Each structure stands twice: as C-alpha cells, then as structure tokens.
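Residue-level listing of the chains:
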Amino acid sequence: MKGLLLLLFFFTFILCQQEPIEGFFSQSGHTNNWAVLVCTSRFWFNYRHVANTLSIYRTVKRLGIPDSNIILMLADDVSCNARNRYPATVYNNAARHLDLYGDNVEVDYRGYEVTVENFIRMLTGRVAPNTPRSKRLLSDDRSNILVYMTGHGGNEFLKFQDAEEISAYDLADAFKQMAEKKRYNEILFMVDTCQANTMYSQINSTNILATGSSELHESSYSHHTDHDIGVAVIDSYTYYNLEFLENIDMTSDKTLQDLVIV
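Residues numbered from 1 in each chain as written. Predicted model: local features only at pLDDT ≥ 70, side-chain atom pairs only at ≥ 80, totals over all residues. Heavy atoms only, no water.

The name that an unreviewed UniProt entry assigns to the protein chain is GPI-anchor transamidase, with the source organism given as Rhizopus delemar. We quote the UniProt Pathway (unreviewed entry) comment for the protein chain here in full: "Glycolipid biosynthesis; glycosylphosphatidylinositol-anchor biosynthesis." (UniProt positions renumbered as here; feature names shortened; annotations may be inferred.)

Participant: Describe helix H4 (residues 116-124), and please don't skip the residues or the numbers.
Facilitator: Those residues of H4 not exposed but buried are Val116, Phe119, Met122, Leu123 and Thr124. Just downstream of H4 lies Gly125, where phi reads positive at about 80°. (Buried < 20%, exposed > 50% of the residue type's maximum accessible area, 1.4 Å probe, protein only. Helix = DSSP H or I, 4+ residues; strand = E, 2+ residues; numbered from the N terminus.)

Participant: Give me the environment of Tyr200: which residues, what numbers.
Facilitator: Within the secondary structure, Tyr200 sits in the loop between strand S8 (186-192) and strand S9 (208-212). Residue Tyr200 is classed as partly exposed on the basis of its relative accessible area of 22%. Note: C-alpha distance between Tyr200 and Leu171 (29 residues apart in sequence) is 7.7 Å. Discounting residues that sit within four places of it in the chain, Tyr200 has contacts with Phe189, Val191, Ala210, Thr211 and Gly212. (Contact = heavy atoms within 4.5 Å.)

Participant: Describe in detail the layout of surface pockets, supporting the description with residues and values.
Facilitator: In this model, the largest pocket occupies a volume close to 280 Å³. Taken together, twelve residues line the largest pocket, and the ones lying closest to its centre are Thr211, Tyr237, Asn241, Leu259 and Val260. Secondary structure elements with two or more residues in the lining of the largest pocket: S9, helix H6 (236-245) and helix H7 (256-261). Counting residues per element, the lining of the largest pocket draws most heavily on H7, which supplies four residues. (1 Å grid on protein atoms, 1.4 Å probe; cavity = no way out; pocket = protein on both sides within 12 Å on 5 of 7 lines; lining within 4 Å. Points joined across faces, edges and corners; volume = space filled by probe spheres on them.)

Participant: Could you give an account of empty space enclosed by the protein, with specific residues and numbers?
Facilitator: Inspection of every chain in the model, using the stated rule, returns one cavity of 30 Å³ or more. Size it by volume and the largest cavity reaches roughly 40 Å³. Along its surface, the largest cavity is lined by Thr40, Ser41, Arg42, Phe43, Asn46, His152, Lys159, Gln161 and Asp162. Of the residues belonging to the lining of the largest cavity, the class tally is one nonpolar, five polar and three charged. (Nonpolar A, V, L, I, M, F, W, Y, C, P; charged D, E, K, R; others polar.)

Participant: Before we move on, can you summarise the pairing of strand S10 (residues 222-226) with the specific residues and values?
Facilitator: Judged from the four bridges that link them, S10 and strand S11 (residues 231-235) form a sheet pairing that is antiparallel. Bridging across to S11, Asp226 finds its partner in Val231. In sequence, S10 turns back onto S11 through a hairpin of four residues, with Gly230 there showing a positive phi of about 95°. (Pairing = 2+ DSSP bridges.)

Participant: Before we move on, could you go through the sheet that holds strand S7 (residues 164-167) and cite the residues and values that matter?
Facilitator: With antiparallel pairing, the three strands of this open sheet are ordered in space as S5-S6-S7. Two strands bound the open sheet, and with one partner strand each, they are strand S5 (153-154) and S7. Pairing analysis gives two bridges linking S5 to strand S6 (residues 157-160), with the strands arranged antiparallel. Considered in S6, the bridge of Gly153 is made with Leu158. Lying on the sheet, H4 is in contact with S6 and S7; it crosses S7 at an angle near 35°. (Axes fitted to C-alpha atoms, helices over the stretch in contact; angles between N-to-C directions.)

Participant: Could you give an account of the UniProt feature "active site" (unreviewed entry) in the protein chain, with specific residues and numbers?
Facilitator: In the numbering adopted here, UniProt assigns the feature "active site" (unreviewed entry) to His152 and Cys194. For this annotated set, covering 43 residues, all C-alpha atoms fall within 6.5 Å of each other, a compact arrangement in space. Filtering the just-named annotated residues for those lining the largest cavity gives His152. With respect to the helices and strands, the residue His152 is situated in the loop between strand S4 (143-150) and S5. His152 has contacts with Thr40, Ser41, Asn46, Arg48, His49, Leu158, Lys159 and Thr193, leaving out every residue within four places of it along the chain. Side chain to side chain, His152 and Asn46 meet in a polar contact 2.6 Å long. Locating Cys194 in the fold gives a position in the loop between S8 and S9. Of the residues examined, Cys194 reaches a relative accessible area of 22% and is grouped as partly exposed. The residues contacting Cys194, other than those within four sequence positions of it, are Gly153, Gly154, Ser214, Glu218, Ser219 and Ser220. (Polar contact = N/O pair within 3.5 Å; in protein donor to acceptor, adjacent residues only side chain to side chain.)

Participant: Lay out the environment of Leu74 in plain terms, naming residues and giving numbers.
Facilitator: Residue position: Leu74 is located in strand S2 (residues 70-74). Using a relative accessible area of 2% as the deciding quantity, one classes Leu74 as buried. Sequence separation of Leu74 and Leu54 is 20 residues, and the distance between their C-alpha atoms is 8.9 Å. Discounting residues that sit within four places of it in the chain, Leu74 has contacts with Cys39, Val50, Thr53, Leu54, Tyr101, Val107, Tyr109, Arg110, Gly111 and Val114.

Participant: For the packing of H4 against helix H5 (residues 168-180), give the residues involved together with the corresponding values.
Facilitator: One way to put it is that H4 packs onto H5 with a least axis distance of 8 Å and a crossing angle of 20°. With respect to H5, the element H4 is oriented roughly parallel. In this structure, H4 meets H5 at a crossing whose hand is right-handed. Contacts between H4 and H5 pair Phe119, Ile120, Leu123 and Thr124 from the former with Asp170, Leu171, Ala174, Phe175, Gln177 and Met178 from the latter. A breakdown of the residues in the contact of H4 with H5 according to their chemical character gives seven nonpolar, two polar and one charged. (Parallel < 35°, antiparallel > 145°, perpendicular 65-115°, else oblique. Left-handed = near helix turned anticlockwise from the far one by under 90°.)

In structure tokens:
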C-alpha cells in the first residue's frame, strides 16, 4: 500500500459515494474523506486568511470532496466589506483571474459563530441536538480528515477573531477525544500562521500527520499584495501548497513526500 499517498488522506476516488475498491481500502481502513477548513481572523487587513481558506476549499472540492463532507468556517466576510473595490468577490492573486467566492460556496460557520468552543465541539461531536447537519463533522473510524487552519498565532496558540485563543493543548485534547471516540482513521493537519509548527507540538494521538508554515520564533509571511484592493491576498505557505495541489488530479500518484520536498 502507498501509505503516504496524498489521495489516501483527502482526495481520492470521489469519496464515500463510491464503493470501496477491494484491497486498497481494506488495507487502509479508509472509506470516506472530510475537510475542516478554518479562517480564524476578522477585519479587512486579514483578507488573505479568508482567501487562504477559500483557496483550499476550492481545491478539495475540485479533487472530489463534496460540500456535504466539508465544514467551512469563515470568521469574516471580506466580500461584503465596504472597502472591497470588487464587491461580492474574493481573489487570491493580484491578476484576479479567479473569484473564489462565486455561486458555489457553502459557508457552514460564519462570523461570530467561528469560536474555539464551536470548533472543538464540531471536531469532537459534542454539539447540541438541534445542530443542523451542515455544522456537524459526521466522520467515523474509516474517515480521513484534512484539518486546515489559518490566522494569527504565536507559540502554541492560534487566535480566534482577536478575542480568544486555542492552544496546542486544546487542539491535542480535541484530537485525543476524536481518537477515543473513533472519529477518524487518519488526519492531515495543516496550519498557516506565525510559529505554526508549535500548534502540533502537544499532539500524541496516532495516525495524525501535521505540517505548518513556520517554526518556533518564525513568522508566516504573505506572498503578494493586490495594490488595487490594498491588502495581501494570500500567504506564502498556502500559495506554494496550492501550486502543487492545483497540478494534480484524482488519478495522480504524487505523495505527501512529494509535496513536502517541493
């Protein structure tokens, strides 16, 4: 089995709508894929964090994960900000070739719904009985999950809306609860923030692969600015991940090692 296949984690075989492929799934214990994509930042100057998240959202959908298996959390709606010269749009490049906020975006947690509590409850399944399906992570022990987070952070913390923080210990505990409750087969955790790698320093649960944009005491930097909009439109870590991911499809044999080496 190609244990490190990118597609093993969150891209392959158009998900759970298809029958398991004999041999492949029986070895991996994996039959369905999910994505949890979180922008934790508010305010216009954090435009790039919204664009980061919507870029990954577009990519995982293109590679086969449907909205029913994606939890999208956006702390701000920069598309409707009065300072946006191009209303109802979000772009991740200065040339503005692609509007990420088109007609096919389903935001599950919006604005002040994006809190540490709601994020942890969603991961662990500890949501209120009346919580709609779109806000639930309905994964099981055969689910591979991409958890992507972007925002402002520091040593072992990530800020939510400049109002509260999730710590590396909180995140590790949430993943531990998920493991104990058999809510995943494998997790790929990606985080784009300053000192990002410290966010997974406390994780000790099995079958979790983590990667981030920066080491302890390192900053995470934007890639470029759209001078018409007046802000940076994407971060470097997410930009270069997309440069790789946008050049594969569901038949690709590229591995996570290929991604890291790039």
